[in-house]
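# Commentary on secondary and tertiary structure
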Amino acid sequence: MIRLCYASTALKDWQSEELLELLKSCRQDNSAKDITGILLYSKRTFFQVLEGDEEKIEQLFEKIKLDERHKDVTLLEKKDIIDREFSYWNMGYQNIENSDLGKIGGFKQFYDEEFNPAGFVAHRGVINPLLKLLRGKLVGQVKTSHDELSESHEDPFIRRLNRTIRVGVKFLALLMVGVIFLGIFDVMYVIYQKLLSPPYYLLTINDILATFSAFLAVLIAIEIFLNITLYIRSDLIPVKLVVATALMAICRKVIVFDFKNLPSDYVFASSLVVLALGLIYYLMDKKHD
Ligand SMILES: Cc1cc2nc3c(=O)[nH]c(=O)nc-3n(C[C@H](O)[C@H](O)[C@H](O)COP(=O)(O)O)c2cc1C
């Protein structure tokens, strides 16, 4: 599998309807050939990334080079890849916005002065950060399309219900802050009590475990608070955080297990839960990277 990037110059200014038309046909053709990628159009310049089987990409590139709607088709990069960067998009589309310009070092000057095929050749270093930026934007669009408790739902009744639930979620968050502060006082009180019981001013192993337990309870409360507030944001699915909270909660129990008095199947079942949650968290983290 290869990834090929090129830049070209459009022969005229393209309107959004024309771009949409081109994208529609690209997506159909690319989907049939299992080709993915992204097209960027700005200032009469196209920048396109094509990923897929080498032979199919070469054939398509030959066709694109002959397309009379653009000129100066300049190959910028062609390399073997193992994973696709744009695996979900048969042809994603992006344009450059003002807010993007500061995100890549030196990009603003490049965009202002040399955003054309020759400029890309002279500043190849910009290609990888640009790919990363475009990918991030596409992923961001997918995330924002997940809209829980939407305030713009077409049905006014659902809209009102959603608004009410949002107020409820905010109230829960407020209560959780109270619980967090009570938890902090609890930690302080546990330490105070342990220090003032014999042996004085010393923490035994059991005292330390009891203190850990109180600490972890507060940390879990903070994680739950984050979960609650994430529900208010419509662009995030907090699955990773939920898994992290569950992992922390079960680990908190395991740390203070009294192994002498616990049945072995209980310990075994708990270890399976820790293992499963740990694995899920690891896989989600890996996928995110
Ligand atoms: C900037 C630009 C990007 C293009 N990207 C693709 C593409 O990703 N996939 C595709 O099938 N055609 C793409 N095309 C269109 C091809 O050049 C060509 O018109 C199309 O593949 C139809 O060719 P055919 O009629 O010979 O089958 C692109 C054209 C332009 C101007």
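Residues numbered from 1 in each chain as written. Predicted model: local features only at pLDDT ≥ 70, side-chain atom pairs only at ≥ 80, totals over all residues.

### Remarks on the overall build of the protein chain
Inclusion rule: Under the scheme used here, helices are H or I runs from DSSP no shorter than 4 residues and strands are E runs no shorter than 2 residues, and both carry numbers assigned from the N terminus. With C-alpha atoms as the basis for the radius of gyration, the globule rule is written as 2.2 Å multiplied by the number of residues raised to the power 0.38. Partly exposed residues are those whose C-beta has more than 12 but fewer than 20 other C-beta atoms within 10 Å; with 20 or more the residue is buried, with 12 or fewer it is exposed, and the C-beta atoms are placed from the backbone. Remark: residues whose backbone-derived C-beta atoms lie within 7 Å of one another are considered to be in contact.
Of the regular secondary structure elements, the protein chain holds nine helices and five strands. In the protein chain, the succession of α and β elements from N to C terminus is β-α-β-β-α-β-β-α-α-α-α-α-α-α. Relative to the 2.2 N^0.38 estimate, which gives 19 Å for 289 residues, the radius of gyration of the protein chain is 27 Å and therefore markedly larger than a compact globule would have. Dimensions of the protein chain along its principal axes, counting C-alpha atoms only, are 85 × 45 × 40 Å. In the protein chain, which comprises 289 residues, the share counted as buried stands at 13%. The long-range share in the protein chain, meaning contacts at least 24 apart out of those at least 6 apart in sequence, stands at 71%.

### Considering the domain arrangement of the protein chain
Many analyses report the size of an interface as the accessible area lost when the parts associate. To keep it simple, the criterion reads: Segment limits for the domains were obtained from an automatic or database-derived domain assignment.
For the protein chain, the assigned domains read domain 1 (2–144) and domain 2 (156–288). Its C-alpha centre places domain 1 at a distance of 44 Å from the equivalent point of domain 2.

### Some remarks on the sheet that holds strand β1 (residues 2–10)
Put simply, the test is: Any two strands are treated as partners once DSSP identifies two or more bridges connecting them. With axes taken as lines fitted to C-alpha atoms, and helix axes fitted only over the stretch in contact, angles between N-to-C directions fall between 0 and 180 degrees.
Pairing is mixed across the open sheet formed by five strands, whose spatial order is β4-β1-β3-β2-β5. For this open sheet the edge positions go to β4 (70–80) and β5 (92–94), each flanked by a neighbour on one side alone. Each neighbouring strand pair of the sheet contributes to a mean axis angle of 15°, computed without reference to strand direction. Two elements, strand β2 (residues 36–42) and β5, share three bridges in a ladder whose sense is parallel. In the sheet register, I38 faces β5, and the bridge partner there is G92. In the packing of helix α2 (residues 54–66) onto the sheet, the strands contacted are β1, β3 (45–52) and β4, and the crossing angle to β3 comes to about 160°.

### A look at the site of the ligand
As a reminder, the rule being used: Being near a molecule or strand means, for a residue, that its backbone-placed C-beta atom lies within 6 Å of it. Here the nonpolar group is Ala, Val, Leu, Ile, Met, Phe, Trp, Tyr, Cys and Pro; Asp, Glu, Lys and Arg are the charged ones; every other residue, Gly included, is treated as polar.
Neighbouring residues of the ligand: 14 residues in total, closest C26, D29, F46, I64 and D67. Of all elements in the fold, only α1 (16–32), β3 and α2 reach the threshold of two or more residues within the shell around the ligand. Residues belonging to the shell around the ligand are distributed by class as follows: seven nonpolar, three polar and four charged.

### A word on the nonpolar core
The condition is simple: Note on terminology: a nonpolar core is any set of buried Ala, Val, Leu, Ile, Met, Phe, Trp, Tyr and Cys residues joined through C-beta atoms within 7 Å.
If you look at the biggest cluster of nonpolar residues, it comprises 22 residues, and the most contacted ones within it are I38, L39 and L40. Every element with two or more residues in this core is listed here: β1, β2, β3 and α5 (127–144). Beyond its immediate sequence surroundings of up to four residues, L40 is in contact with F47, Q94, N95 and L134.

### A few points about unusual backbone geometry
Here the amide bond leading from P198 into P199 is cis, since omega sits at -5°, within 30 degrees of zero. By secondary structure assignment, the location of P199 is in the loop between α6 (156–196) and α7 (205–232). Even without being a glycine, D34 presents a positive backbone phi close to 55°. With respect to the secondary-structure elements, D34 resides in the loop between α1 and β2. Even without being a glycine, R44 presents a positive backbone phi close to 60°. Checked against the element boundaries, R44 lands in the loop between β2 and β3.

### Comments concerning the environment of F212
Tracing the backbone through its elements, the reader meets F212 in helix α7. When the 15 C-beta atoms within 10 Å are taken as the criterion, F212 is described as partly exposed.

### What to know about the pairing of β3
In terms of burial, β3 is a largely internal element, eight of the eight residues being buried. Across the two faces of β3 the burial is the same, with T45, F47, V49 and E51 and F46, Q48, L50 and G52 all buried. Note: β1 against β3, eight bridges, orientation antiparallel. Along β3, the bridge assignment pairs T9 with T45. With seven bridges joining them, β2 and β3 adopt antiparallel strand pairing. Across the sheet, the residue bridging to L40 is F47, located in β3. Linking two consecutive strands that pair antiparallel, namely β2 and β3, is a turn of two residues; a positive phi of about 45° is found at K43 within it.

### Some points on the environment of Q193
Among the secondary structure elements, Q193 is positioned in helix α6. For Q193, a count of 12 C-beta atoms within 10 Å puts it in the exposed group. Remark: the alpha-carbon pair of Q193 and V169, spanning 24 residues in sequence, is separated by 35 Å.

### Some remarks on α1
Short version of the rule: Helix span is expected to be 1.5 Å times the residue number reduced by one.
In a regular helix each residue adds 1.5 Å, so 17 residues correspond to 24 Å; α1 covers 24 Å between its end C-alpha atoms and thus fits that length. Of the residues one or two after α1, D34 is the one with positive phi, at around 55°.

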